[in-house]
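Structural features, examined
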Amino acid sequence: MAPGKVSFVSDKERRNSRVAENEAGKILEGKGFYVLMPDNKADYPEFKTPARSLGTCIIFRFVFLTAICIAMIMCLLLLICLYQPLLAPAKSVKDTARSKQSASKLPVPSTTKGERSANLVDKFLSSQRTAFHFQPEKNWMNDPNGPMFYRGYYHFFYQYNPDAAVWGNITWGHSVSTDLIHWHPLNLAMVPDQWYDAEGVWSGSATVLPDGKPIILYTGLSNESVQSQNMAVPEDSFDPLLRKWVKVPQNPMLVPPPGIGYTDFRDPTTAWLESDRLWRIAIGAKEGTTGLALVYKTSDFLDWSLQSNFLHKVAGTGMWECVDFYPVSLTGTNGMDTSKVEVDLLVKHVLKASLYDNKHDYYTVGVYSGDFKTFIPDDPAKDIGLGLRYDYGKFYASKTFYDPAQERRILWGWVNESDSELDDLKKGWASVQTIPRTLILDRHTGSNLLQWPVHELESLRGDKVVFQDKVLDGGALVKVDGASGAQLDIEVSFKYPDVHKLYLPEQKEYECSQGGATLRGVFGPFGLLVFAADNLVEQTAVYFYLTLRPDGKWVTTVCSDQSRSSLATGIDRTVYGTAINKSPTENFLSLRLIVDHSIVETFVQQGIACITSRVYPTIAIDRDAHVFLFNNGSESITMQTLQVWQMSSA
């Protein structure tokens, strides 16, 4: 800072930027702000004490000694009032009130710093709660369970601890909605009250039968720590809210078969009906280090038999959790009903597994053999654990369902916290769910899915700012006016650069973790900063980076950089990302960011890839959270269109 220049820094900026340690001069308090003043005030007129000639002027103007004394006393009192904030130690509001009642010249600065610190911590923790992502009012939540549409309502069940903000005492929470955005909580759907689920009512799925009645299949952990599959039915199937569920007396339906560990048998899928009029479900399991999906069949959901062959297995992938299996159309954009398997040339199937060992959700596209009752991936190199993921960030234990009301398949995913368990206990809650996403097969490739937030989210859009055709030279940083806030929906597109105009030697393969957004290249990194403080001490960068491969092809990588997202300690600072396959016909690169207090969901190139990040800014919160365009590469990049909407709370 230049000598004599005044800057105003808030309490939280002073704490986290350590202004007191790095700036010259004294830090003095004035109504919640700190004024940085030089030590040598004599050199700077604006800091000099006003000339105290008032008494002399009064002597010349007044004759009577009594009047002189009164005037001098009044001036002295006035000067004390004016200059006491600069002379006294920093005071809280409580100290100021106390000083007015005390004859002491100096207040006692007892707990000022502690009180201020507590207030900052409270504000920091409260700012993390999302405004339009699904989360219960309090306590712990994890896997999405049994989503379905029933009699005009979307039902969402979830793994829930009603007692604390940490995992344990797992029950099924239950909420309903008419639009997937605004949710109404109901009473717990199921609790661990039977011997076969005494240690937890774990994950499962819902199936709507041909007569329109729903059932739930779920995993229970018994009082002897054995996993089993169980069924529950609604007490009143005419109740559109499905407020009460009854566990059937035939439970447990299924127990681990020979060769499967007692705790390696869980998370039944939605059932599907085949031409032989038998219903089938898949259950996650493992044999040694081979992850696999078992298949059971039934005609009445009471008597089950194990299919002799697996639905699918992949060596070295470990335990498969939360298996999902569903059809997708090769020709249309509508979803397909899970329970009506169509085995023909116009249908593909998606198999997904959540890998317990690395906590990632992998999926693969292939065909379902109606003859052999097995799944065959189209590309073995992109099998479970080897290729595609739903999301390359903080995302796990996902579950889809078919929405018959709008003929679409919808994906839910659990987003855990990236802070400490102690932080979760302080704030009283842990975890959110992603915004529900529609899923379709990418018809250009036929080999991957496209994900996009459900259109209902756009009902929360408010004020909008638009910018177009901005050239970002190398090193450019442009603040987006009117885009500040912690609840945003952002869409931006960049012109794909003319990579052939330069002769460049081959470059090393780029990894997002190689310095994040600070590693300068030729084309990139370029993109957006969100949750950015004015001085950029906190920022979350979402960006593209282009590199040249030895075979002469350019690789486009997209990253979400949490490494500078917060000044807080004890949080995850991973830089997430993946390479994407841009279509040769696309001359642009696009991002959509859903920003909601402590979560950033990124959708790349119309949903070809997704990255979810959890961030915990301490300074860049609410209206102090800003958006910047940036280009940290050496070559210029053209931003074509940027649209930013302020988002209302759900």
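This is a predicted model, so every value here is computed, not measured.

**Describing the sheet that holds strand 5 (residues 153-161)**
- Pairing in this open sheet of 5 strands is mixed, and the strands run 7-6-5-4-24 from one edge to the other. Of all the strands in the sheet, just strand 7 (183-185) and strand 24 (429-430) have a single pairing partner and so form its edges.
- Direction of pairing for strand 4 (residues 139-150) relative to strand 5: antiparallel, over a ladder of 7 bridges. For M141, the partnering residue across the bridge sits in strand 5 and is Y160.

**A few points about the packing of aromatic side chains**
- Here the structure, examined in full by the defined rule, presents 34 aromatic pairs.
- Ring geometry for W167 versus W202: centroids 6.3 Å apart, planes at 70°, classification edge-to-face. Of this pair, W167 sits in the loop between strand 5 and strand 6 (171-177) while W202 sits in strand 8 (residues 201-208), and the two are 35 residues apart along the sequence.
- A relative accessible area of 16% means that W202 is categorised as buried.
- Taken together, a centroid distance of 6.2 Å and an interplanar angle of 70° make the contact between F265 and Y296 edge-to-face. Of this pair, F265 sits in strand 12 (residues 265-266) while Y296 is found in strand 15 (residues 290-298), placing the two residues 31 residues apart along the sequence.
- Given a relative accessible area of 5%, Y296 falls into the buried group.
- Ring-pair connections join several aromatic residues into one group, and the members of that group are F134, F156, Y158, Y160, W183 and W412.
- Its end group placed over the ring of W429, R129 keeps NZ or CZ at 5.6 Å from the ring centre.
- Against the face of W645 rests R461, its NZ or CZ located 3.6 Å from the ring centre.

**Topic: the state of the cysteines**
- In total, this model carries 1 disulfide according to the counting rule given.
- Sulfur-sulfur distance for the disulfide between C512 and C559 comes to 2.0 Å. Note on the C512 and C559 pair: the S-S dihedral is about -75°, so by sign convention the disulfide is left-handed. Residue C512 is located in the loop between strand 30 (487-495) and strand 31 (523-532), and its partner C559 is located in strand 33 (residues 554-561); the two are separated by 47 residues in the primary sequence. C559 matches C512 in its accessibility class, with the two residues each being buried.

**Brief notes about the side chain of H133**
- Position of H133 relative to the elements: it lies in the loop between helix 6 (112-126) and strand 4.
- Given a relative accessible area of 6%, H133 falls into the buried group.
- Side chain to side chain, H133 and D596 meet in a polar contact 2.8 Å long.
- Beyond its immediate sequence surroundings of up to four residues, H133 is in contact with V432, Q433, T434, I435, I594, D596, I599 and E601.

**Overview of unusual backbone geometry**
- With an omega of -5°, the peptide bond running from N251 to P252 counts as cis.
- Of note, the amide linkage connecting G524 to P525 takes the cis form, showing an omega dihedral of 5°.
- Tracing the sequence through the fold places P525 in strand 31.
- The phi angle at L180 is positive, at roughly 70°, despite the residue not being glycine.
- Inspection of the secondary structure assignment puts L180 in the loop between strand 6 and strand 7.
- The exposure class of L180 is buried, given its relative accessible area of 2%.

**Concerning the confidence of the model for the chain**
- Taken over all residues, the pLDDT of the chain has a mean of 85, while the share at 70 or more is 80%.
- Between residues 1-64, whose pLDDT stays under 50, and residues either more than four places distant or in other chains, the model counts 90 contacts.

About the thresholds
- Residues numbered from 1 in each chain as written.
- Predicted model: local features only at pLDDT ≥ 70, side-chain atom pairs only at ≥ 80, totals over all residues.
- Heavy atoms only, no water.
- Pairing = 2+ DSSP bridges.
- Helix = DSSP H or I, 4+ residues; strand = E, 2+ residues; numbered from the N terminus.
- Phe/Tyr/Trp six-rings, centres within 6.5 Å; stacked < 30°, edge-to-face > 60°.
- Buried < 20%, exposed > 50% of the residue type's maximum accessible area, 1.4 Å probe, protein only.
- Lys NZ or Arg CZ within 6 Å of the ring centre and 35° of its normal.
- Disulfide = S-S within 2.5 Å.
- Polar contact = N/O pair within 3.5 Å; in protein donor to acceptor, adjacent residues only side chain to side chain.
- Contact = heavy atoms within 4.5 Å.
- pLDDT = per-residue confidence, 0-100.

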